[in-house]
Amino acid sequence: MPAPDVAALLAQLERSEPDIAEPARVAVEWLAGGEALETISQFDVCEFLWYTLPIKVPGDQATIARALGKLLRLAGMERYAALCDSPATARILLTYAREGEEAGTSAYHRELESTGVLPPDVAELSWSSIMGPEELGAHVACAAALELAIVAGEPVDREELTRRWLTAPRTELGGDCWLHRVHGERLNRWVLGRGTARRELAQPFEVRLHAPIEAPAEPHLEPLRWLLDLARTGVRLTERLNVGRAVAAEAAGRFGWAARTGLRTGAVGTGSGTEPRAVRGEADVPAMTELRRIAVHDLGALRRSGRRLVLTTTGRNLLDDPAALWEAAAATLLVPAPGEHDFEISIRESALMILVDGDAVPDGDLRDRVAEVVNGEGWRSADGGRVTGVDLSHPLARLRHRLDALGLAADPPSGPAAPTRAPGSAAGPATEPAAPGPVTGSADGPSAGSVAGDGREPSGPARDAYVWRLTGTGRRAALAALRAQALRPRQYAGLG
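Residues numbered from 1 in each chain as written. Predicted model: local features only at pLDDT ≥ 70, side-chain atom pairs only at ≥ 80, totals over all residues. Heavy atoms only, no water.

### Remarks on the overall build of the chain
Filter applied, for reference: Segments assigned H or I by DSSP are reported as helices when at least four residues long, segments assigned E as strands when at least two residues long, and all are numbered from the N terminus. Burial classes: relative accessible area under 20% of the type maximum marks a residue as buried, over 50% as exposed, and values in between as partly exposed (1.4 Å probe, protein chains only). Only heavy atoms enter the contact rule, under which two residues are in contact if any of them lie within 4.5 Å.
If you tally the helices and strands in the chain, you get 22 helices and seven strands. Sorting the 496 residues of the chain into buried and exposed places 48% on the buried side. Long-range contacts, defined as pairs at least 24 residues apart, comprise 69% of the intrachain contacts of the chain with a sequence gap of at least 6.

In structure tokens:
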């Protein structure tokens, strides 16, 4: 039997308890938004009582909660009415009043999690805190499915039920599934972005990124596999906790990093005259440092134990699951480093979109095209002016080292890149490159931050000393990284 009409319930309440009729009307308007009461779920009631009511609804909150309970009992919705009168509701409202919004919101999340009706994150989808209409519909539908299973007294595996609900074809969606709907919505939002140049660059990728990017059949990610396999027995570190010279030299020779940096991998020499200087340690091989960062910090595949790098359980699992290793490693091309902001990610994201079709692009040309995109998005340099190529130096250097570290950069037709360290210079410990200054400003004019150096744009031959080009595997990895970036959950600032 359908729930009684809201207007009829309010009229009945007006006759029996006129002092709470108006608070009940306010509550049900916020809760149901004009829809029939049978459309609401336990999740809706909890969200109203524990979040919307204390933050957004003016008036005596305890009275409004009590009035809503009366109205729901008149409608025969006893389970929901009990939530209005519950100790949990009283406790959460008191927390908001005494300790503020942050403490109240934390109490709300804890209590909502304990109800069992909150859809959990699953491997296929991490929920956003800022949801579009499709994702909100999927979330509400999953919450209702969890509630029905709990009320029916079934053993509930929340992750399995949520995964099944997201991936099963649904009649009400014309045979589509909720997961496809959410992915399509996130892709579209990502493509639209900000700025005409960004939208024009991203538009073709809405179709290209719709399906997962499968790992190539041929061997790939060889440097990462080599390092993880080496760590099965431990990788010895120096006193400065860098990878030792022998390992750095082997990697530089095995993966072509020595040729790219103008070094040789034989015995240590002086580097005098025109003789290439030998690799003296990790500091000479930026790709080695970046590979270690990827394995340790981004993937959690290695950890330091004393003066050794050792393989973690996660690392062993990745080595045993090539598909998982591919997906996780490709995504690291756009993982933010500590202290990085959307500005740096936008730079690398734009660069990958430009490079993904395999053309060789001189460094100066890439900087010009990326600068056009980020300026169109509204980013500004630290002095308030337009972003120039020099503002892109740090993010693009990090991308270049990551592509080298994962074996995704092809040797350009014009020859190897210019050395990253002058021949014969001192080799210090491997350190994090100098980070740009803090990003500040609003969506109308954020700041790109400052960049180490004299602030002048490279010109002439030096400007194009490096030529960017991806391998076939690199192009697939770029697409996989862009897809992961496009499908990431949207979160409020400060939330993970």
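### Quick word on the nonpolar core
We apply this condition: Here, the term nonpolar core denotes a set of buried Ala, Val, Leu, Ile, Met, Phe, Trp, Tyr and Cys residues that are joined through side-chain atoms within 4.5 Å.
Grouped together as the largest cluster of nonpolar side chains are 81 residues, with contacts concentrated most on W190, L224, L228, W257, M288, L333 and L366. Discounting chain neighbours no more than four positions away, the residues touching L224 are L291, A295, L299, L325, A329, A405 and L406. With 42 residues, the next largest nonpolar core counts L13, V28, V45 and A143 among its residues.

### Re the side chain of E340
Under the convention used in this document: In the analysis that follows, any N or O atom pair within 3.5 Å is treated as a polar contact, provided that within protein one partner can donate a hydrogen and the other can accept it, and provided that, for residues neighboring in sequence, both atoms belong to side chains.
You can see E340 is positioned in the loop between α18 (322–331) and α19 (342–355). Separated by 2.9 Å, the side chain of E340 and the backbone nitrogen of A337 make a polar contact. Here the side chain of E340 touches R348 through a polar contact of 2.5 Å, side chain to side chain. Other than its neighbours up to four places away in sequence, E340 contacts V335, I345, R348, H394 and R398.

### What about the pairing of strand β4 (residues 302–305)?
Applied cut-off: When DSSP finds two or more bridges between a pair of strands, those strands are recorded as paired.
Note: β4 against strand β5 (residues 308–311), four bridges, orientation antiparallel. In the strand pairing of β5, L302 is matched with L311.

### Remarks on the pairing of β5
The sheet contact formed by strand β1 (residues 235–236) and β5 spans two bridges and is antiparallel. Looking at β5, one finds that V235 is bridged to L309. Where β4 hands over to β5, the hairpin turn is made up of two residues, of which G306 adopts a positive phi near 65°.

### Comments concerning the state of the cysteines
Note the threshold: In plain terms, two cysteine sulfur atoms within 2.5 Å form what is called a disulfide here.
Taken as a whole and judged by the stated rule, the model has zero disulfides. With no disulfide of its own, C84 lies closest to C46 among cysteine sulfurs, the gap being 9.4 Å. Residue C84 is classed as buried on the basis of its relative accessible area of 6%.

### Here's the deal with helix α6 (residues 87–99)
As a reminder of what qualifies: Multiply 1.5 Å by the residue count of a helix minus one, and that product is the helix's expected span. Along the arc lie the directions from the helix axis toward the C-beta atoms.
The end-to-end C-alpha separation of α6 is 17 Å, in line with the 18 Å expected for 13 residues at 1.5 Å each. Along α6, the positions that sit buried rather than exposed are A88, T89, I92, L93, T95 and Y96. Down the axis of α6, the buried side of the element spans an arc of 150°, and every buried residue falls inside it. Across from the buried face of α6, at angles greater than 90 degrees, the exposed residues are P87, A97 and R98. If you follow the buried residues of α6, they end up packed against α3 (42–56), α4 (61–74), α5 (78–84) and α7 (101–115). Just past α6, the residue G100 takes up positive phi, approximately 100°.

### Notes on the sheet that holds β1
Read from one edge of the open sheet, three strands run β1-β5-β4, paired in antiparallel fashion. The sheet is open, and its two edges are formed by β1 and β4, each paired on a single side.

### Quick word on the packing of aromatic side chains
Both the distance between ring centres and the angle between the ring planes are used here to describe each pair of aromatic rings. For clarity, the threshold we go by: Within 6.5 Å between ring centres, the rings of Phe, Tyr and Trp (the latter by its six-membered ring) count as paired, and their orientation is classed by plane angle as stacked under 30 degrees, edge-to-face over 60, tilted in between. Any Lys NZ or Arg CZ found within 6 Å of a ring centre and within 35 degrees of that ring's normal is scored as a charge over the ring.
Throughout the structure, instances matching the rule amount to five aromatic pairs. On the numbers, 5.2 Å between centres and 90° between planes, the contact of Y466 with W468 is edge-to-face. Across the pair, W468 and Y466 agree in class, each one buried. Above the face of the W165 ring, R170 is positioned so that its terminal group lies 3.6 Å from the ring centre. Note that R198 overlies the ring of W190, its terminal NZ or CZ placed 4.8 Å from the centroid.

### Here's the deal with the packing of α3 against α7
Defined as follows: Structural elements are reduced to axes, namely lines fitted to C-alpha atoms, with helices fitted over the stretch in contact, and the angle between N-to-C directions of any two is expressed from 0 to 180 degrees. Oblique is the label for any angle not under 35 degrees, not over 145, and not in the 65 to 115 range, which are roughly parallel, roughly antiparallel and roughly perpendicular in turn.
In the contact formed by α3 and α7, the axes pass within 10 Å of each other and the chain directions differ by 170°. Relative to α7, α3 is oriented roughly antiparallel. Counting all contacts with α3, which are made through Q42, F43, C46, E47, W50, Y51 and I55, the residues of α7 involved are E101, T105, Y108, E111, L112 and T115.

### Some words on unusual backbone geometry
For L221, which is not glycine, the phi torsion reads 55° and is therefore positive. Along the polypeptide, L221 turns up in the loop between α12 (205–208) and α13 (222–230). L221 sits in the buried class, given a relative accessible area of 3%. The backbone of L241 sits at a positive phi, close to 65°, despite the residue not being glycine. By secondary structure assignment, the location of L241 is in the loop between β1 and α14 (245–254).

### Structural notes on the environment of R208
Structurally, R208 is set in helix α12. With relative accessibility at 33%, the residue R208 sits in the partly exposed group. On a C-alpha basis, the gap between R208 and L479 in space is 8.1 Å, while along the polypeptide they are 271 residues apart. Beyond its immediate chain neighbours, meaning those up to four positions away, R208 contacts I213, V356, D357 and L479. Within the local environment of R208, its side chain forms a polar contact with the side chain of D357, the two groups lying 3.2 Å apart.

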